[in-house]
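# Structural features, examined
Listed below, chain by chain, are the residues.
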Amino acid sequence: MGSVNGAFAVGDESFGELLRSWRQRRRVSQLDLAIEAEVSARHVSFLETGRARPSREMVMKLSEELEVPLRHRNRLLVAAGFAPVFPEREVRAPEMQVVRQALDKILAGHEPYPALVVDAAWNLVAANSAAALFMDGVPAELLKEPVNVMRLSLHPDAMGGRLVNLAEVRAHLLHQLRRQAEASGSGQLAELHDELAAYTYPGVDLNVAHVPGPADILVPLRIRHGTRILSMFTTIATFGTPLDVTVAELAIETFWPNDEETAAAFQRPAAP
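Structural notes, computed from the coordinates. (Residues numbered from 1 in each chain as written. Predicted model: local features only at pLDDT ≥ 70, side-chain atom pairs only at ≥ 80, totals over all residues. Heavy atoms only, no water.)

## Looking at the nonpolar core
Core analysis: the largest hydrophobic core is formed by 32 residues, its most contacted members being F134, L154, L196, L221 and M232. The set of elements that each furnish at least two residues to this core consists of β4 (115-118), α7 (149-154), α8 (166-184), α9 (187-197), β6 (221-225), β7 (228-237), β8 (251-257) and α11 (260-265). Broken down by element, the residue count for this core peaks at six residues, all from α8. Residues contacting L154, with those up to four places away along its chain left out, are G160, L166, R170, L173, L174, L196, Y199 and Y201. (Core = buried A, V, L, I, M, F, W, Y, C linked by side-chain atoms within 4.5 Å. Buried < 20%, exposed > 50% of the residue type's maximum accessible area, 1.4 Å probe, protein only. Helix = DSSP H or I, 4+ residues; strand = E, 2+ residues; numbered from the N terminus. Contact = heavy atoms within 4.5 Å.)

And the structure:
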């Protein structure tokens, strides 16, 4: 283990630099973090500059107070000279059977409406049969694994070309993706945001004309499907007490009918 400017580090990653980065990302002062972690602000300052070395318990405490994702808590531990604590298993691993069973029950139980499971990068992990409507007419290259749900949602050759309220949905998804990239420190999400923001839609006005009014509750997803326009809204659920990196990064997105016509459409086959 080497040091950079006196800071304890592994490779090029200094614990102090990582800690400062997460504290600033969360917009927390050294004093506020010190109060929450029950240490002095001087100690937090010394940790960030490398003048003090944290204990394993202190790394875990600071990570918890800053709500650092499990993947990055492992990075902080390694940078401080400790072994990673949180494992990362494949979804298909035998130890993940209980998780797979829960996901299967949620997906199946949500039919006839669509439901998806995605990872931290919005790559598709699993889906129920009703989610096939999102894949209709999508070019094969966009369906190569890993299938990215955000890319499917906004690509002009996928759902982006079928959304009736494209400008509204695009603005919402890009804002959500940017917030997630900033909160997680994920360069992958930042790159995905920039890719999606660069998509062009000839002849489509991307200015959001609709101003939310008192009757508005949710941003709907209005998509052409056959001869119908389906109107849906979504909810996203995560596991409440994960101790595995993979489980912590899984999200279940369920789609719900926004009107009676859409609900009825899911009960019968779509018209040609």
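## Describing the pattern of salt bridges
This structure, assessed with the given rule, holds eight salt bridges. In this structure, R71 and E249 form a salt bridge, with 2.9 Å as the shortest nitrogen-oxygen distance. Of the two residues, R71 is situated in helix α5 (residues 70-79) and E249 in helix α10 (residues 245-249); the sequence distance between them amounts to 178 residues. Residue class for E249 comes out partly exposed when judged on its relative accessible area of 22%. (Salt bridge = Lys/Arg side-chain N within 4 Å of Asp/Glu carboxyl O.)

## Brief notes about the packing of aromatic side chains
All told, the structure shown has two aromatic pairs when counted by the stated rule. Centroid distance Y113 to F266: 5.5 Å. Interplanar angle 90°. Geometry classified as edge-to-face. In this pair, Y113 is assigned in the loop between α6 (97-109) and β4 and F266 in the segment after α11, connecting sequence segments 153 residues apart. Y113 gets classed as buried once you look at its relative accessible area, which sits at 16%. Ring geometry for F134 versus F255: centroids 4.7 Å apart, planes at 50°, classification tilted. With F134 in the loop between β5 (124-127) and α7 and F255 in strand β8, the pair connects residues that are 121 residues apart, well separated along the chain. Of the residues examined, F134 reaches a relative accessible area of 3% and is grouped as buried. Residue F255 is classed as buried on the basis of its relative accessible area, which comes to 5%. (Phe/Tyr/Trp six-rings, centres within 6.5 Å; stacked < 30°, edge-to-face > 60°.)

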